[in-house]
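# An overview of the molecular structure
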Amino acid sequence: MSRYDKMHYNRCGLSGLLLPTFSLGLWHNFGEIDDYQNAKELVHLSFDQGITHFDLANNYGPPPGSAEITFGKILKEGLMNYRDELIISSKAGWPMWDGPYGDWGSKKHLMASLEQSLKRMQIDYVDIFYHHRPDPNTPLEESMRTLDLMVRQGKALYVGISSYYAAETKKAIAILNDLGTPCLIHQPKYSMLDRWVEDGLLNVLDEEGVGCITFSSLAQGLLTNRYINGIPKDSRAASGRGNGAIESGQIQPNEIALANALNEMAQQRGQSLAQMALAWVLRDKRITSVLLGVSRKEQLLDSLKALEAGPFSQEELTQIDQLLQTHS
Ligand SMILES: NC(=O)c1ccc[n+]([C@@H]2O[C@H](COP(=O)([O-])OP(=O)(O)OC[C@H]3O[C@@H](n4cnc5c(N)ncnc54)[C@H](OP(=O)(O)O)[C@@H]3O)[C@@H](O)[C@H]2O)c1
């Protein structure tokens, strides 16, 4: 069977680019501290399942930068033969190196960071480059002009923004349109536990013809069976990885209770909780792709079964809303 038989590919906004319904994120489990063989197998299994899009950023690891080095090594050891079948993204905008040019949204930071990412991954260009977060102190025009420049220099094919609120997204899209480099995609956090995008952002993206790829749609594992019986030693929360990863102390009893209640509902639907949580995000047709974070192959194969999930009935959606409210 071909790797392209099972996956669905969705048009990214009004662009020519198709993205897989599920993409692989390399924020955690691909750093220098992680097992290289496992990382390589996860990337290859993903590609074999039709996942053509791999999402990185300058600071993924730990240590920061090491996920790009890992991915570069995987490319060099064979995957590079498939470069024209891959969509590779990177980002800059979170703290990466010392001094005043090591984060945020200046031209100095963004250009230097992209150069570093290309070197670490040993590639000539990325398919998508994102400004990773809005910078309140740099003129938006400067950050957007820099994204446009990257495309003109051939170092990025498309550009996007991440975690921009609805109003600033609209402004960024307008600036990029004026420059002649349309905004391809927005990357926001979106899950049952964090629904901020429903409050305006998704409408803006839809109106402007910009795609949407969501992150932490399993709330870093909270919306899976991972924590329903406590915090396993081999989980992200127990690992003390830093760099924004969920920590044991952050997990609240109401969240464990919610995960248990949702897990029961998922079982009634004949699904794992991860599958139900992913299908829930994808119920909104404005979502182009969902980024999966995985630490092991079984998780990837489990999550991908969400592709086969039947639609939610109105009663089921109401039941989920009620569970979210009861356990908030
Ligand atoms: N733009 C941004 O600012 C931003 C921020 C964060 C993330 N991202 C992107 O989004 C990607 C995904 O984010 P995320 O890693 O937080 O995603 P996530 O899908 O919410 O969480 C991933 C974690 O959930 C657990 N898991 C995944 N599938 C499972 C399954 N089927 N059954 C049981 N447990 C499962 C694993 O935990 P264990 O590790 O404990 O096994 C896994 O590491 C990142 O890699 C990155 O590319 C972007």
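## Quick look at the packing of helix α2 (residues 66-76) against helix α3 (residues 107-121)
- Axis separation between α2 and α3 bottoms out at 7 Å; the angle between their running directions is 45°. Judged by the inter-axis angle, α2 sits oblique to α3. Packed against α2, whose contacting residues are Glu68, Ile69, Phe71, Gly72 and Leu75, the element α3 presents Ser117, Arg120 and Met121 at the interface.
- Its residues placed into classes, the contact of α2 with α3 shows four nonpolar, two polar and two charged.

## Topic: the pairing of strand β5 (residues 87-92)
- Where burial is concerned, most of β5 is hidden: six out of the six residues are buried.
- Residues Ile87, Ser89 and Lys91 point to one face of β5 and Ile88, Ser90 and Ala92 to the other, with burial holding for every one of them.
- Summarising the sheet, strand β4 (residues 53-55) and β5 pair through three bridges and their orientation is parallel. Within the sheet, the bridge partner assigned to His53 lies in β5 and is Ile87.
- Regarding topology, α2 serves as the crossover connection from β4 to the parallel β5, and that connection is right-handed.
- The pairing of β5 with strand β6 (residues 126-131) spans four bridges and is parallel. By the bridge assignment, Lys91 is partnered in β6 with Tyr130.
- In this fold, β5 hands off to α3, which returns the chain to β6; that crossover is right-handed.

## Notes on the nonpolar core
- Residues Leu26, Phe71, Ile128, Phe129, Val159, Leu223 and Ala277 are the most contacted members of the largest nonpolar core, which totals 85 residues.
- Per element, the largest residue contribution to this core is eight residues, and it comes from helix α8 (residues 273-282).
- In this view, Leu26 contacts Phe54, Asp55, Leu56, Tyr60, Ala67 and Phe71; residues no more than four positions away in its chain are not counted.

## Observations concerning the site of the ligand
- Neighbouring the ligand are 30 residues, the closest being Gly25, Trp27, Phe215, Gly221 and Gly293.
- Of all the elements in the fold, those that place two or more residues in the shell around the ligand are β10 (289-292) and α9 (297-304).
- The biggest single contributor to the shell around the ligand is α9, with three residues.
- Taken together, the residues of the shell around the ligand sort by class into nine nonpolar, 17 polar and four charged.

## Section: helix α5 (residues 166-179)
- Taking 1.5 Å per residue as the helical rise, α5 with its 14 residues ought to reach 20 Å, and the 20 Å between its terminal C-alpha atoms agrees with that figure.
- On the buried face of α5, the contacting elements are α4 (140-152), β7 (156-162), β8 (183-187) and α6 (201-208).
- Phi turns positive, to about 90°, at Gly180, one or two residues after α5.

## Some remarks on the sheet that holds strand β9 (residues 211-214)
- If you walk around this closed barrel you meet the eight strands as β3-β4-β5-β6-β7-β8-β9-β10, and the pairing is parallel. In this sheet, adjacent strand axes meet at a mean angle of 30° when their direction is disregarded.
- Across the sheet, α5 lies against β7 and β8, angled at about 160° from β8, the strand it touches most.

## A closer look at the pairing of strand β3 (residues 22-25)
- Residues Phe22 and Leu24 line one face of β3 and the alternating positions Ser23 and Gly25 line the opposite face, and both faces are buried.
- Taken together, the three bridges between β3 and β10 define a ladder with parallel strand orientation. Residue pairing across strands places Phe22 opposite Val290, the latter belonging to β10.
- Once you follow β3 into helix α1 (residues 36-48) and on to β4, the crossover reads as right-handed.

Parameters at a glance
Residues numbered from 1 in each chain as written. Predicted model: local features only at pLDDT ≥ 70, side-chain atom pairs only at ≥ 80, totals over all residues. Axes fitted to C-alpha atoms, helices over the stretch in contact; angles between N-to-C directions. Helix = DSSP H or I, 4+ residues; strand = E, 2+ residues; numbered from the N terminus. Parallel < 35°, antiparallel > 145°, perpendicular 65-115°, else oblique. Contact = placed C-beta atoms within 7 Å. Nonpolar A, V, L, I, M, F, W, Y, C, P; charged D, E, K, R; others polar. Buried ≥ 20, exposed ≤ 12 C-beta atoms within 10 Å, placed from the backbone. Pairing = 2+ DSSP bridges. Right-handed = clockwise from strand over helix to strand, strands pointing away. Core = buried A, V, L, I, M, F, W, Y, C linked by C-beta atoms within 7 Å. Near = placed C-beta within 6 Å. Expected span 1.5 Å × (residues − 1).

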